[in-house]
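Structural overview
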Amino acid sequence: MVLLFFKILGGEASKNFARSDISFGFGWLGDPPGFSIREGIDLQPNSGIRALAVGGLNTLRVAFSGIVAATLLGTVIGVARLSKNFIVSKLASFYIETIRNVPLLLQMFFWQVLLQSRSSLTEESVGTKLFDVSNKGIASTWVFPSTGFWPWLLIMIGGYYLARKVARTRRKYQEDTGEDGHPGLFGFLTILGVAIVGWFVHPLLSFLSILWDGIGNLIGAVPAASVSLLIAGLAVAVAAIWIKRFLDTKRTPAGLGKLTDDDIFRMIFAGVSALVIVWIAFKVGGAIINKPDGTDASVAAVLRDGLANIFYWFGDKFTGEAGSPLAISRPVVEVRGTGGFIQYGTTGILATVAFASVWIAVTLYTAAFIAEIIRGGILAVAKGQTEASQALGLRRSQYLRLIVLPQAFRIILPPLGNQYLNLAKNTSLGTALAFGEIVAVGSTLMNQTGQSLPIVLVWMAFYLTLSLSLSGVVNYYNRRMALVER
Amino acid sequence: MSVANNKDVIICEGVKKWFGDFQALKGVNATVKEQEVVVVIGPSGSGKSTFIRCINRLEAHQEGTIIVDGIELTNDVRNIDKIRSEVGMVFQQFNLFPHLTILDNIALAPLWVRKQPRGEVEEEAMALLERVGIPEQADKFPGQLSGGQQQRVAIARALAMKPKIMLFDEPTSALDPEMIKEVLDVMKELARSGMTMIVVTHEMGFAREVADRVLFFDYGLVVEEGTPDHFFENPQHDRTKLFLSQIL
Amino acid sequence: MTDHLAPLDLAELAPEKPPSGPVLWIKENLASTWISAVLSVLAIGFAAWGFRGAVLWLFAPDRRWDAVIANMKLLSVHSYPEAQLARVWLSVGIVFVLIAALLAWNRVGGKVAPRQLSKVLLTVGIALLAVGILMPPGAEKWETLGNRMLWLVGGVVLAGIGAVLTRLPDSRRKAETVPIMGVVGVALLGIITFLQTATMAFPIPGSPAPENAADRIFEATPIAKSTANPWTAIIVFAVLTFVVMSWFRSRTEGEGAGVRRLLVSLIVASFPIIVLAILRDPAINPETLQKFVVTGIIFAVAGAAAMYWFGAQEAGESRRAVASIVTLVAFIVLVFPGILPLPSSITPFTEPFLFRLLLLAFALFALAAPTFGGAGAALHRYVAGWVGTAVIITYAIILITTESTVDVPGNFFLGGLGLTFVLSITAITLSFPLGVLLALGRTSSMPLFRMMSTAYIELVRGVPLITWLIVAFVMLPVTLPEGIELSGVMRALIFMTLFSAAYLAENVRGGLQSIGKGQAEAAQALGLSTLQMTVFITLPQALRAVIPALVGQVIAIFKDTSLVTIVGLFDFLHIARSAINQQSQPYNFVGVFLEPLLFAAAVYWIFTFTVSRMSLRLEKKLGVGER
Ligand SMILES: Nc1ncnc2c1ncn2[C@@H]1O[C@H](COP(=O)(O)OP(=O)(O)OP(=O)(O)O)[C@@H](O)[C@H]1O
Ligand SMILES: [Mg+2]
């Protein structure tokens, strides 16, 4: 099997590539892709890389909102299934058994059909709405960043830390005196106060725009090759630090412990991975692509300019203009264009039918699995713990928060992370509904350019990054929880 | 020291309890007086644990009445809360909270249920650990302690709520012989200090030495009761005689 | 203190009945606190509202269930020729009969107490009644299924029996007296009656579809004899088999392990035979056949002789080394056929692909011979095993490579539910050994194996299945060596197998890691070799420990086969989603989306739910997780 794969990567493949006139390269990243995407930050991407970025963002958008919703729903259902109330627990089981035994793709089709069979927009529906569902999708009122949002956000981040400090002081007061210190209330009031004050004083931060522009200029001035160098250096440094730490864990007072095959293998693997990244950094970074404006540039330079642009963009937001940082925006149904198409306008937020179907389906589907995990985690907390807490007179809410949650969390976390990853991967079924996520965009690009292998590599890099970041978070919390028990 | 004239703190009348179709208690009548130490013995499965777990309502009885310190046990949550903070319990399997340090295990309930200030709570907790003889273990986790030490922590944890009554469900059954003594010593000290105690145990030596009264359980009923001397020397009932002949 | 208890007469202390009754039950299960009571009211309201909505929707006269009924054949086997459908019925029949035999031999069933039965009957009966009451006007359009009286009567009868059972005296109510298989038999009888007597609603063919679907003119049509009779026959045969086998079982002493093993192997073998021989029906050509047969015979005979040499007791490491080299060569030659063409002297009477495949199989057998062979009878048995394997491989290759008489457009003779089953069962069976090998590789002490397995597993699991399927359909064709072409189904099959092997491997690895060191040490102390230890000690325990996870994986694969819809294969979901709603002749099903989709959902659900329930029972029986 491994052989088969290596074979695909290996010589035989390149021979066949040559035969079928397929070149292996990254030039297409800069070429206009020649197709449009139905939703996302850019409907007419002007380069392959931008099209993939739009797809990737669509995936992330549906994945993250799905993860949040599925976690909430799954927790409710998992707890409901444990309820002593007969009918509540039966309803929860019914949900779980129905949802998880039907293929996800079928469920996506189901929601798609259901949404598409909603009535279409007509003359009567023209007007401003709060919330509207039609066969064009789901439109809802939404809150958007507006003038001075970014300076205000900066103030809010400061406010968050201030609130944490206040809450801590109040908790300490409570523990010292036994009187209720209302730490939560005080923290909330602090952040509320900061938010209100910040709402009006945010123009004062306009001087920071010079700072952001300065950083942008600084980055823009760096030679392109150093981007590759930086990435390569980072990879090597991370690998080196990892190996050093790994060796440290093996160190005993009597000197370095004996290393098993496995340990050596791991270190070699870390080293080789770093070298591979170095190779990719230079190989891909040096590749020349033509930018939309017609000029040529190396991938590294494009990346560098992109980073600099982020800071310029940020600088532009610190104008010092007064105004409310957040704006409520309501969807409108309007007659557009000369043809008299009745459509949703650009205000509010619109989930297209494809987006909504994918989102609803993955949320409901994953929630069923999460519910089972939550239930298992709670059941795994020994029965004696319940009895001991009851005997001590803890209330049910205290018992859940102080005893069950910390113990169940450790059991729940790893499989939960797995489910998050599954959800993210499952959004790729959106391809079947022409939802423009990364696999759909990639396979369209494949058909247009014939560059299948590079696109598969992009997919891998995307999902790998996603899963590594997720498991990074999971491991972080796991270690924190594990420390508590020792 | 005689307790005969003290007032009744626990009164059970006709207590019946079923698990599904299985009847575990068939009408238990018993009273416990203030400062009295009552030892409950009986064969396995006779309903001893079920009985004392009904007293702080870890199990709900279905028929009969239980009155603890003048409060009747019903479904009323307020009564249950009140009783649970006055009745401490020690389990066979210790049931310490594995994710909390020894000190936090003891401090948890006073902090959250009695809402006492932390400084005070920790002082008392340390004092309790002194009393059960393991102050040096305060910052360890339950998993790092021996069984006997864990059980003593469990006793300290229950005492931290300053209960009027302590329930012990076979506190030494999960322990190695050399650890049993250290736990029993703590319990004896507690009994001498005038605590009202109900103890389910198979430690007959403890029963003879400390108990004011012995209840013998079988078939979900109090089959026989009496002072330790009376009970061990001159049992009335055949079942009791048989049971004693097997264990003594 | 005195003893105030007179000695008790313990014999009189018979337990009393617990307090019970509906009021108490409601108090405990629906209203233990006032929050719970409020929740109950809300939940009951919600459930009732949902149930009512579902019934009104399902039985509404403007539903298009006729789109499902009229397309049963399309949904089950797609374009399998009408004239050869008997092959499909035969296949289904074989599966049912074999399963019935195995169930009978395992004494599946047993007895339940009337109390449990009455609970089920009451629930089902009340549900039927509720359906009958809530059914919308106009439902009678659906003929038998929309007949309100039938639902009401059925509900009353079932609930009535259930109620009567609750009135039985306590001792009889709790004694396990009702044979489960008797109940199943009654249910099957009901199904046969339904098949033979029920009528279905059909729009009159060719009649123009009125704008309002509810106004369409229906014709009462009995269930087609071509459907009802085969099913009746299959059920009758299965029941007969069950009865006969039960009778035999009751007369055999002991475990009956031999027969059980035979039945299990028959079931396993029936799948390839059904697919390759019965359904596919190869048109075997005598001329080409000759080459295959000759190749097969050469390998069976010469291989058997060589196997004695490889497996002989005095065989040392040198013979094993020879076997290893042969394995390596065979593998390379199979994967890269261009490297070592067969000598022209033997090509006239041998089939090259079969030759290479048999060579690899032979090499693997030779490699394992010292471990599993042994002396005398054991070695004979091993050699016989080789001959059998050679024959089976030859036969399978003959079946696969010859033309099929089943002439259908497209690249595979089956579609619909049939394809879904072929895909999932093949992927499951093939990925299983592969997954075990990968798991062993990942836990092995040899860094090379470990690295390769780990890389493979992580690589495959790193991206979603759909990307692999796209790779299979876009990239694979250009990377394959010249001259080899794979049909879409084959490609999907290969990649589904490769994909699920990676997931299975992780499950098996979990099991392997859960086994204590003590087992391995004990095995080594007995003098077992590493391979023997793995095969006889570690692996069986590991697999047993992860049965729940493996079943979960099996279910996942079954559901995942629906993804081939995206790359254009005509599996069950594909037909339900986009084939039916394009039919304009003769019934005009254009725009009918929901009904076929929901039907498909129900079918998927029935299979996955059954499998998960069976695995729960299996777990309980084996006591998984208890040791
Ligand atoms: N939660 C429960 N569910 C069902 N039956 C129970 C439950 N708890 C106890 N029982 C049954 O009730 C009876 C009395 O149990 P109990 O634990 O009170 O006995 P015990 O006298 O404490 O015995 P031991 O000395 O073994 O602890 C036993 O037969 C037991 O099987
Ligand atoms: Mg007990």
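Presented here is an overview of the structure given in this document. (Residues numbered from 1 in each chain as written. Chains lettered and ligands numbered in written order. Predicted model: local features only at pLDDT ≥ 70, side-chain atom pairs only at ≥ 80, totals over all residues. Heavy atoms only, no water.)

Next up on the list: the overall build of chain B. Broken down by element type, chain B carries nine helices and ten strands. With the principal axes as the frame, chain B shows a C-alpha extent of 55 × 45 × 40 Å. Counting only residues that meet the buried cut, chain B has 61% of its 248 residues in that class. Long-range contacts, defined here as pairs at least 24 residues apart, represent 66% of the contacts in chain B between residues at least 6 apart. Accessible surface computed for chain B: about 9600 Å², of which carbon and sulfur atoms make up 47%. With 27 positive and 36 negative side-chain charges, chain B shows a separation of 3 Å between the mean positions of the two kinds. (Helix = DSSP H or I, 4+ residues; strand = E, 2+ residues; numbered from the N terminus. Buried < 20%, exposed > 50% of the residue type's maximum accessible area, 1.4 Å probe, protein only. Contact = heavy atoms within 4.5 Å. Areas by Shrake-Rupley, 256 points an atom, 1.4 Å probe, with all protein chains shown as cover. Lys, Arg positive; Asp, Glu negative; His and termini not counted. Charge placed at Lys NZ, Arg CZ, Asp CG, Glu CD.)

Here we come to the overall build of chain C. Helices and strands together make up the secondary structure of chain C, namely 25 helices and four strands. With the C-alpha coordinates of chain C rotated into their principal frame, the extents come out at 95 × 85 × 50 Å. The proportion of buried residues among the 627 residues of chain C is 41%. Here the contacts in chain C between residues at least 6 apart in sequence split such that 78% fall between residues at least 24 apart.

By convention, interface size is frequently given as the accessible area that disappears when the constituent parts associate. On the side of chain C, 57 residues touch chain A, which itself brings 54 residues to the contact. Counting each side, the surface lost to burial between chain A and chain C is near 5100 Å², with a carbon and sulfur contribution of 76%. At the boundary of chain A and chain C, one finds one salt bridge. The interface formed by chain A and chain C holds ten residue pairs in polar contact (both at pLDDT 80 or more) in total. Sorting the residues of the side of chain A that touches chain C by element identifies helix H1 (2–9), helix H2 (11–19), helix H4 (86–100), helix H5 (104–116), helix H10 (261–286), helix H12 (353–380), helix H15 (438–449) and helix H16 (452–485) of chain A as the ones contributing at least two each. Of the residues in the side of chain A that touches chain C, the class split is 35 nonpolar, ten polar and nine charged. (Buried area = accessible area lost by both parts, 1.4 Å probe. Salt bridge = Lys/Arg side-chain N within 4 Å of Asp/Glu carboxyl O. Polar contact = N/O pair within 3.5 Å; in protein donor to acceptor, adjacent residues only side chain to side chain. Nonpolar A, V, L, I, M, F, W, Y, C, P; charged D, E, K, R; others polar.)

Residue and element names in this part refer to chain B. Of all the five residues making up strand E8 (residues 196–200), five are buried; the element is thus mostly covered by neighbouring parts of the structure. The alternating pattern of E8 places Thr196, Ile198 and Val200 and Met197 and Val199 on opposite faces, both of which are buried. Examined bridge by bridge, strand E3 (residues 37–41) and E8 share four bridges and lie parallel to one another. Across the sheet, the residue bridging to Val37 is Met197, located in E8. Alignment of strand E7 (residues 165–169) against E8, held across five bridges, turns out to be parallel. If you follow Met166 over to E8, its bridge partner there is Met197. As a crossover connection, the stretch from E7 through helix H6 (residues 177–192) into E8 is right-handed. (Pairing = 2+ DSSP bridges. Right-handed = clockwise from strand over helix to strand, strands pointing away.)

Phi at Arg57 of chain B is positive, roughly 55°, even though this residue is not glycine. You can see Arg57 of chain B is positioned in the loop between helix H1 (48–55) and strand E4 (63–68). Its identity is not glycine, yet His78 of chain C carries a phi of approximately 60°, on the positive side. Tracing the chain through its elements places His78 of chain C in the loop between helix H4 (72–77) and helix H5 (85–105).

Here we take up the nonpolar core. Phe51 of chain B together with Leu469 of chain C are the most contacted members of the largest nonpolar core, which totals 189 residues. Ranked by residue count, the leading element in this core is H12 of chain A, at 16 residues. Ignoring anything within four residues of it in the chain, the contact list for Leu469 of chain C reads Ala492, Phe495, Leu563, Val564 and Val567 of chain C. Counting 49 residues, the second-largest nonpolar core is a separate cluster that includes Leu103, Ile134, Met179 and Met187 of chain B. (Core = buried A, V, L, I, M, F, W, Y, C linked by side-chain atoms within 4.5 Å.)

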